[in-house]
Amino acid sequence: MADVFVSYARTAAQQARQVTEALKALGYSIWIDEQLPAHGNYSHVIEDELNQARAVLVLWSAEAAKSDWVMDEAERGREQHKLVQASLDKTRLPMPFGRIQCADLAGWSGGAEATGWRQIISSISDLTGVASPAAPSAPANRPVAQPAEPLLAVLAFDNLSGDPEMVYFSDGVSEEIQQTVARGADLKVIGRTSSFQFRGADKAAAHVGAKLGATHVLDGSVRRSGSRVRISAQLIECAKATTLWSDRFDGDLTDAFALQDEIAAAVALALRRRFAPSAEARPTDPKAYDLFLRAGALSLGGREQDRIGRTASGAEMLEQAVVLAPAFARAWAELALARAVLLRRAPASFPELTAAKVREAAQTALALDPGAGVAYVALGHLAPFGGYEERETLFKKALAASPNDPGILNEVAHLLRVVGRTREALSIFERASDLDPLYWPAAMSRADALHDVGRRQEALRAEDECLARWPDTPGIVNDAIVHTAEDQDWSRFDALVARARERGFDSPRLLALIEYFEHLRCPDPSYVERTLRAASLELERTGTVLIGQLLELHSLGAVDETFDLVDRASFAHMFDPDGPPPLGGSFTPAAMWLALYEPMRRDRRFVDFCAKLGLCDYWVKSGRWPDCADASVLPYDFKAECRRQAA
């Protein structure tokens, strides 16, 4: 017997799957017509499931309102007093269902805090007699605890301009205030990905405090008329819902930075905390500021596969902004990062971009504001891929400037994974996730790191959490497929592959990965031969071999052939500062530390491989060793072999 029977029209199948996955993640058992058996009478099966289910969830849409099947299922739920209704597109409900409460799921993207979703969970909980399980944002294994020190959530300020198009502006002003407050190390501020999820009735301080662990909330409103702006702000203590401070600030957009600094200083004073002041506020052109906010809104929206297009559009806006306002430090820093991302990920599409242009923007930003941490991240992306120490130095400078920035923390942790320091990376991913629980790159990277350090059950829970919260993010499904193949959990592997295909995730990288794991599951000598032949041809043509190909060959059993290729290959391109962009044609060495490749690490020849990638020199010179350097992990003296190679 299922807890919930889900009824929907075929045209809403994707939304139905999203709702179903979210309910499953909360612990409810679900029946949906995709589970119909190949045998038996459909109507009998549906009738049995309808009668046995504790709740009937009807997902209304224009098509559903015309469907006899949906109408019959809704009527059965109503008759048995177990009907729960949700509207996917605000369609007017047919009689008599229009007289019954219906939750609004129009435009729902999976957020656990949405009012309509909370109404559904509350109703299902009442009907099933089971208390609503914990929402994914506060997993049972990592409860949100009230911190001993102040933790501030800056919410998205309300747009009072009367123009819906101006939401980006009020969000941008809120983010600028958040950035200003967070500049110092003494005051921790929750990341905008999490805090900006709360809007409307969800902005109650007690609610935000319970969900994010915040002790204080900064909320307010923005009203803009032409070049004039009025910002109202209030600081609220979550525990007692007490307003500690409130004020109103008026000025021209040319004074926007001064207004933000003034608000940030007042917040810090109200909290009796001291933090490093931001760079001296300078007047800026209102048009430049507007372009800057629009570019920021572009970078935060859309799906991952559209990122290059959005980044390119944002870079164009930032180019215009710095022409209008040459002293606009944050615009220069964001421009440097946008250029670095385009140069790193799609150099062929932007031939006019050069490393010199990234450096120019970053150095301009730092000259205007030495605390512009994002500029250091951009410079870090320019370092040769094998320049681990150079990248680490630049990322540390970024972190020193912005110690509580989840994006910068994520960059630092990824570099640590590349050099094999996964346990250390895990602690930083966790810190980034604590500061911004709804920042999916840190959340999924935390699951990856948990898996790689052997904490499999925790990793599985964290992974399921990510799959439920961000069902349409290809990178999350990609990493989950890797984990299941490593664990040889082939039933889960098949389910995840089916999920990827249903959602149209068909990037060449993912398809190649699935093919590789299928052959790992059912060894095929011809596939190994083809892969070996391709690697050999690559070596003859370019003098090198992709790291991913070498890892695949070793795991498929071609052990001696793999190390022969390593011995013959050159990896000089990874150390050429004027060579291809970082990650150009190379598969990141971070994959070497996956549990799947432990047999390779146990072979003494693995150290020869590391030496060619410049890792031995880095470890010996820095004294910061990978996790596998522990004497009890490998059957040989890893550090001694690395020192021999470095010498």
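For clarity, every value in this text was computed on a predicted model and none was experimentally measured.

K.L.:
Help me understand the overall build of the protein in this model?
P.N.:
Secondary structure assignment for the protein yields 28 helices and 11 strands. With 647 residues in all, the protein has 53% of them scored as buried. Pairs at least 24 apart in sequence give 65% of the contacts found in the protein among residues at least 6 apart. About 28400 Å² of surface is accessible on the protein, with carbon and sulfur atoms providing 50% of the total.

K.L.:
Sorry, what's going on with the sheet that holds strand S3 (residues 55–60) here?
P.N.:
Think of a sheet as strands paired side by side through backbone hydrogen bonds, with each pair either parallel or antiparallel. The five strands lie next to each other as S2-S1-S3-S4-S5, forming an open sheet whose pairing is parallel. Pairing within the sheet leaves two strands with one partner each, and these edge strands are strand S2 (30–31) and strand S5 (103–104). Alignment of strand S1 (residues 4–7) against S2, held across two bridges, turns out to be parallel. Across the sheet, residue Val4 finds its bridge partner in S2, namely Ile30. In this fold helix H1 (residues 13–25) packs onto S1, S2 and S3, with an angle of close to 145° to the strand it touches most, S3. Packed onto the sheet, helix H3 (residues 68–79) meets S1, S3 and strand S4 (83–87) and runs at close to 140° relative to S3.

K.L.:
Could you clarify how one ought to interpret the side chain of His519 in this entry?
P.N.:
Looking at the secondary structure, you find His519 in helix H21 (residues 508–521). Beyond its immediate stretch of four places on either side in the chain, His519 contacts Asp524, Tyr527, Arg530 and Leu556.

K.L.:
So what exactly am I meant to see when it comes to the confidence of the model for the protein here?
P.N.:
Any residue range with low pLDDT should be treated as having predicted coordinates unsuitable for detailed reading. Averaged over all residues, the pLDDT of the protein equals 81, while 85% of them reach at least 70. Mean pLDDT across the secondary structure elements of the protein bottoms out at helix H8 (residues 256–270), with 63, and peaks at helix H24 (residues 559–568), with 96. Here residues 272–280 is modelled with pLDDT under 50, and outside its nearest four sequence neighbours on either side it reaches 20 contacts, counting other chains as well. Contacts of residues 581–587 to residues separated by more than four positions or lying in other chains number 17 contacts, the stretch itself having pLDDT below 50.

K.L.:
Explanation requested: helix H17 (residues 440–452) in the structure shown.
P.N.:
In an α-helix, one turn spans 3.6 residues, which is why side chains three or four residues apart end up on the same side. An ideal rise of 1.5 Å per residue puts 18 Å on 13 residues; H17 measures up with 18 Å between its terminal C-alpha atoms. Across the 13 residues of H17, 12 count as buried, placing the element largely inside the fold. Where H17 is concerned, the buried positions are Pro441, Ala442, Ala443, Met444, Ser445, Arg446, Ala447, Asp448, Ala449, Leu450, His451 and Asp452. Considering only its buried residues, H17 is in contact with helix H15 (406–418), helix H16 (422–435), helix H18 (456–469) and helix H19 (474–486).

K.L.:
Would you take a moment to explain the nonpolar core for this structure?
P.N.:
For soluble globular proteins, the rule of thumb is that nonpolar side chains tend to be buried together. Grouped together as the largest cluster of nonpolar side chains are 160 residues, with contacts concentrated most on Leu218, Ile481, Phe517, Leu613, Leu615, Trp619 and Phe638. Aside from chain neighbours lying at most four places away, what touches Phe517 is Ile481, Val482, Ala485, Trp490, Phe493 and Leu596. In this structure, Leu59, Val84, Ala86 and Leu88 belong to the second largest nonpolar core, which totals 25 residues.

K.L.:
Mind showing me how you'd approach the environment of His207 here?
P.N.:
Looking at the element boundaries, His207 is found in helix H7 (residues 205–212). His207 sits 31 residues away from Cys238 along the chain, and the two C-alpha atoms are 8.2 Å apart.

K.L.:
I'm lost on the pairing of strand S9 (residues 216–225) in this one. Help?
P.N.:
Within a regular strand, side chains alternate between the sheet's two faces. Where burial is concerned, most of S9 is hidden: seven out of the 10 residues are buried. The pairing of strand S6 (residues 151–154) with S9 spans three bridges and is parallel. In the sheet register, Val154 faces S9, and the bridge partner there is Leu218. Relative to S9, strand S7 (residues 158–159) runs parallel, the two sharing two bridges. Looking at S9, one finds that Asp158 is bridged to Ser221. Connecting S9 to the next strand, strand S10 (residues 228–237), in antiparallel fashion are two residues, including Gly226 with a positive phi near 60°.

K.L.:
How should I be thinking about the pattern of salt bridges in this particular structure?
P.N.:
When charged atoms on two side chains of opposite charge get close, those side chains can pair. By the definition in use, this model includes 31 salt bridges. We note a salt bridge from Lys203 to Asp158, for which the minimum N-O separation is 2.9 Å. Here Lys203 is found in the loop between helix H6 (192–195) and H7, whereas its partner Asp158 is found in strand S7, with 45 residues between them in sequence. Of the residues examined, Lys203 reaches a relative accessible area of 9% and is grouped as buried. In this structure Asp158 comes out as partly exposed when scored by relative accessible area, which is 36%. Arg541 serves as the salt-bridge partner of Glu538, at 3.1 Å between the closest nitrogen and oxygen. Here Glu538 pairs with Arg541, and both are found in helix H22 (residues 525–542), just three residues apart, close to one helical turn. Residue classification places Arg541 among the exposed residues on the basis of a relative accessible area of 64%.

K.L.:
In this structure, what is going on with the packing of aromatic side chains? I would like to understand it.
P.N.:
Aromatic ring pairs are defined here through the distance separating the ring centres and the angle between the ring planes. Throughout the structure, instances matching the rule amount to 13 aromatic pairs. Ring geometry for Phe5 against Trp31: centres 5.0 Å apart, planes inclined by 20°, an arrangement best described as stacked. Here Phe5, found in strand S1, pairs with Trp31, found in strand S2; they are 26 residues apart in sequence, far enough to count as distant. For the pair formed by Phe5 and Trp31, the shared burial category is buried. With a centroid separation of 6.0 Å and 70° between ring planes, the pair formed by Trp593 and Trp619 is classed as edge-to-face. Here Trp593 is found in the loop between H24 and helix H25 (598–601), whereas its partner Trp619 is found in helix H27 (residues 615–622), with 26 residues between them in sequence. Its relative accessible area of 0% is what places Trp619 among the buried residues.

Rules used in this analysis
- Residues numbered from 1 in each chain as written.
- Predicted model: local features only at pLDDT ≥ 70, side-chain atom pairs only at ≥ 80, totals over all residues.
- Heavy atoms only, no water.
- Helix = DSSP H or I, 4+ residues; strand = E, 2+ residues; numbered from the N terminus.
- Buried < 20%, exposed > 50% of the residue type's maximum accessible area, 1.4 Å probe, protein only.
- Contact = heavy atoms within 4.5 Å.
- Areas by Shrake-Rupley, 256 points an atom, 1.4 Å probe, with all protein chains shown as cover.
- Pairing = 2+ DSSP bridges.
- Axes fitted to C-alpha atoms, helices over the stretch in contact; angles between N-to-C directions.
- pLDDT = per-residue confidence, 0-100.
- Expected span 1.5 Å × (residues − 1).
- Core = buried A, V, L, I, M, F, W, Y, C linked by side-chain atoms within 4.5 Å.
- Salt bridge = Lys/Arg side-chain N within 4 Å of Asp/Glu carboxyl O.
- Phe/Tyr/Trp six-rings, centres within 6.5 Å; stacked < 30°, edge-to-face > 60°.

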